[in-house]
Structures are given as structure tokens and as C-alpha cells.
Amino acid sequence: MRRKRKFKLSLKLTYVLSAIVMALATFLIYYYSFDARMKVMACTGNYYYSDSQIFDIAKVNSASRSLLTPSFLVERNLRADPLIESAKVTKNKDRILLDVKEKTVIGYFVKNGKNYVLTNEGETIELDQKYLKNIIHFPLMSDFTDQQLENIWKEFAKYPKLLTRGVVEKIAEMVPYASSYDANMIKMTMQDGNVVYTSVADLMMMSRYEDMLSQLRGQSVCLVLDAQNSTINKLDCAYLNMSLEEREAKRKEEAERKKQEEEERKRAEAEKKAQEEAEKKAQSEPGEQQPSEDNGEQPSEDSAQPPEEADVEEETEDWVLMPDSGMLYSASQNLY
């Protein structure tokens, strides 16, 4: 009886070992099979991250096996990244599609030697060094206080359809700027070389930047946004870079220049008016003498005197000294 029982236990163990060996063999065959690998990988919805960076975050590559890469695990890896808001993974045999939604970044700043990005939801996220090249998509934000940064991200959160990623990508740098009427303005240097000055409340006007470029002339111009009047003004960059004292001196100089120009204009108008009056007077004087000449009056006897004097001179010149008799002779009068 005991021998028979030992035989049964040995047979059961054989079955178990066989099953393990078969499972291991199947796994190895599948693992090293070319058909088990991902052949098609696609990514959608990414803006800041490249496709290869998304695959790296999801821990998916061409060597991944479809059955060994469950969708929920890939989604968990993607959501673990602080810059990814949501993720959805779709698999179909050897194909996998990663659909992600990234958070909207306003810009990045440096603090304590580390790079941080600021989102339109007010999140401050440390940027991984291996993804540092992604900063080309958003501007550098320098010298802002925590309160100023909060005011900026709240404005972006207020107008998400106007202040989009496309608008942010056109900005190269943002720095605080103080004017005489607003100490909390923002100076934005654009990627195209233009400079934009705006208050936090007027940031939504940046959505019209592309439209107004077609109306500008020249390069590297300075623009001031005015959302209250729905206008965008083009100003002298040198003036905006002046201190308050320099601006006051500039305004006085401009007022003095305009005053001199006005005086010169009035003087020129007076001279022109006097010249016109003199010309009119000169034209009227010859007109008064014309009637005496046009009446057909006969010239006076005094005016006829010159011809008679000419005849006398001609008669005087007619006398000739005769050499034989020594007397004067006039041929016209036939007299000696």
C-alpha cells in the first residue's frame, strides 16, 4: 500500500513539473518570437514632448512584447509624469497607440540652480535635465516675484482659448517692467525681435499678435497692448527704455520742439500773406496808367522837339569850308 501511494505522488509531481516546463517553454518561445514584439507604435496629443520622449516615459519600445505590456501599466507610467495631465492607451495585437494630454506651460524660470516650468493652473514643476531641450517651446521668465507669477498664471487660466501654446511659443523672454502708470507691467521679447509691453490684465491681447504684424512696418518695433481700448500701439523703443526722469526731460524737449515748429509755421504764414498782398498791389498800379495810353491822345509839342533839333544839327553839319575862297558853303541852301 505504501509503495502504491508513493507512485501516485511521483506521478502528480511529474504532471506539475511538466506543466511548469511547458509554460516556461511557451513563455520563452513567445518572448523570443518576432511576432510578440510591438511593430507599430504611435503617439498623439503631445506638444512639448517628442514621440520618443513619450515612449521613454511610458517605458514602451520596439522590444516590448504586446502581452507583457498591459495598457493600464503604460497609462500609469504616463500619468506619473508631472507634465502629462491624462493618458489613454489603445492596443491591437502588435500595435499600440498612446494618446496624451499635456498641461499648458506659460514659461520656465531658474531657482536655486534648478529649472522649473509654470503651468496655467499655477503648478510649478521641476524640469528633468534630460528634457531640458524642450524649453524652446516656452519663454524664460526672469526676475518675477511669486505674486507676479501668480497674477500671470491666473490671467492665462482665465483666457485658455486666447492664450494658447501657439501664443506662448512666439515669446522668447518675459521680464517685469515698471512704467509711470503701472509698476507691474511685463516686457516680452518676441522670437521675431519685436518687443511687446503689456499689463497683466492686457495679456489676452497677445492672441491678436499675428494679425497686427501684417500692419506693421520695419523690424524690431516696440508695441504696447491696450485691452481697454482694444488697440495695439507702436512706439519708439528708445523712449520705453528710458527712466522716468529721462522721459520727463524727453516730453519737455518734445513740447519745446513743437512750440518752435508752431512759431515757425505762423511766421511763414505771415510772410506768405505779406508777399501775396505786395504782389496784388504791384499788379494794380500799372493798371491805373493804361487809360491815358489807350485814349489815343496826341503827343505834346515838347515831345516833337527832338526831331527839329536833329534837323538843325543836320543843317549845321552841311556847311563846308571852300579851300579856294576860304568861305563856308552850304549845298542844301546854295549859300556862301
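The rules behind each value
- Residues numbered from 1 in each chain as written.
- Predicted model: local features only at pLDDT ≥ 70, side-chain atom pairs only at ≥ 80, totals over all residues.
- Heavy atoms only, no water.
- Buried < 20%, exposed > 50% of the residue type's maximum accessible area, 1.4 Å probe, protein only.
- Helix = DSSP H or I, 4+ residues; strand = E, 2+ residues; numbered from the N terminus.
- Arc of directions from axis to C-beta.
- Contact = heavy atoms within 4.5 Å.
- Salt bridge = Lys/Arg side-chain N within 4 Å of Asp/Glu carboxyl O.
- Pairing = 2+ DSSP bridges.
- Axes fitted to C-alpha atoms, helices over the stretch in contact; angles between N-to-C directions.
- Parallel < 35°, antiparallel > 145°, perpendicular 65-115°, else oblique.
- Nonpolar A, V, L, I, M, F, W, Y, C, P; charged D, E, K, R; others polar.
- Phe/Tyr/Trp six-rings, centres within 6.5 Å; stacked < 30°, edge-to-face > 60°.
- pLDDT = per-residue confidence, 0-100.

## Quick notes on helix α3 (residues 71-79)
Turning to α3, its buried residues number three or more, namely Val74, Glu75, Asn77 and Leu78. End-on, the buried residues of α3 take up no more than an arc of 160 degrees, which puts them together on one face. Projecting away from the buried face of α3 at angles above 90 degrees are the exposed residues Phe72 and Arg76. Check the buried side of α3 and you find it contacts α2 (51-58), β2 (84-92) and β3 (95-102).

## Section: the pattern of salt bridges
This model, assessed by the stated rule, comprises 8 salt bridges. For the salt bridge of Asp56 with Lys130, the shortest nitrogen-to-oxygen distance reads 3.4 Å. You can see Asp56 sitting in helix α2 and its partner Lys130 sitting in the loop between β6 (124-126) and β7 (140-141), a full 74 residues away along the chain. Note that Glu123 and Lys103 form a salt bridge whose closest N and O atoms lie 3.0 Å from each other.

## What to know about the pairing of strand β9 (residues 185-190)
Bridge analysis of strand β8 (residues 171-177) against β9 gives 6 bridges, and the strand direction is antiparallel. Bridge assignment links Val175 to a residue of β9, and that residue is Lys187. In this structure, β9 lies alongside strand β10 (residues 195-198), joined through 4 bridges in antiparallel fashion. Bridge pairing links Thr189 to Val195 in β10. In textbook terms, the turn of a hairpin is the stretch between consecutive antiparallel strands, and for β9 and β10 this stretch comprises 4 residues, one of which, Gly193, has a positive phi near 100 degrees.

## Comments concerning the packing of α2 against α3
Where α2 contacts α3, the axes come no closer than 7 Å and their chain directions differ by 110 degrees. Between α2 and α3, the angle falls in the class roughly perpendicular. Each of Ile54, Ile57 and Ala58 in α2 lies in contact with α3, whose residues at this interface are Val74, Asn77 and Leu78. By residue class, the composition of the contact of α2 with α3 is 5 nonpolar, 1 polar and no charged.

## Concerning the packing of aromatic side chains
According to the stated counting rule, one finds 6 aromatic pairs in the structure shown. Between Tyr108 and Phe138, the aromatic rings sit 6.2 Å apart at their centres with planes inclined by 65 degrees, giving edge-to-face as the arrangement. Residue Tyr108 is located in strand β4 (residues 105-111), and its partner Phe138 is located in the loop between β6 and β7; the two are separated by 30 residues in the primary sequence. Assessed through its relative accessible area of 4%, Phe138 is described here as buried.

## A word on the sheet that holds strand β1 (residues 40-44)
Pairing within the open sheet is mixed, and its 3 strands lie in the order β1-β3-β2. The two strands at the open ends of the sheet, each matched to only one other strand, are β1 and β2. Ignoring which end each strand starts from, the neighbouring axes of this sheet average 15 degrees apart. As defined by bridge partners, β2 adjoins β3 across 8 bridges and the pair is classed as antiparallel. When the bridges of β3 are listed, Val89 appears paired with Leu98. α3 contacts β2 and β3 of the sheet and is inclined by roughly 160 degrees relative to β2.

## Focus: the confidence of the model for the protein
Across the protein, the average pLDDT comes to 77, with 69% of residues at or above 70. Per-element confidence in the protein is highest for β7, whose mean pLDDT is 94, and lowest for helix α9 (residues 301-316), whose mean pLDDT is 48. Across residues 292-297, confidence stays below pLDDT 50; counting only partners more than four residues off in sequence or on other chains, it has 1 contact.

## Structural notes on the side chain of Asn115
Mapped onto the elements, Asn115 comes out in strand β5 (residues 114-119). By relative accessible area, which is 13% here, Asn115 ends up buried. Other than its neighbours up to four places away in sequence, Asn115 contacts Tyr108, Phe109, Val110, Ile125, Glu126, Leu127, Gln129 and Leu132.

## Some details on the environment of Gly107
Relative to the elements of secondary structure, Gly107 occurs in strand β4. For Gly107, a relative accessible area of 0% corresponds to the buried category. Separated by 33 residues in sequence, Gly107 and Leu140 place their C-alpha atoms 5.7 Å apart.

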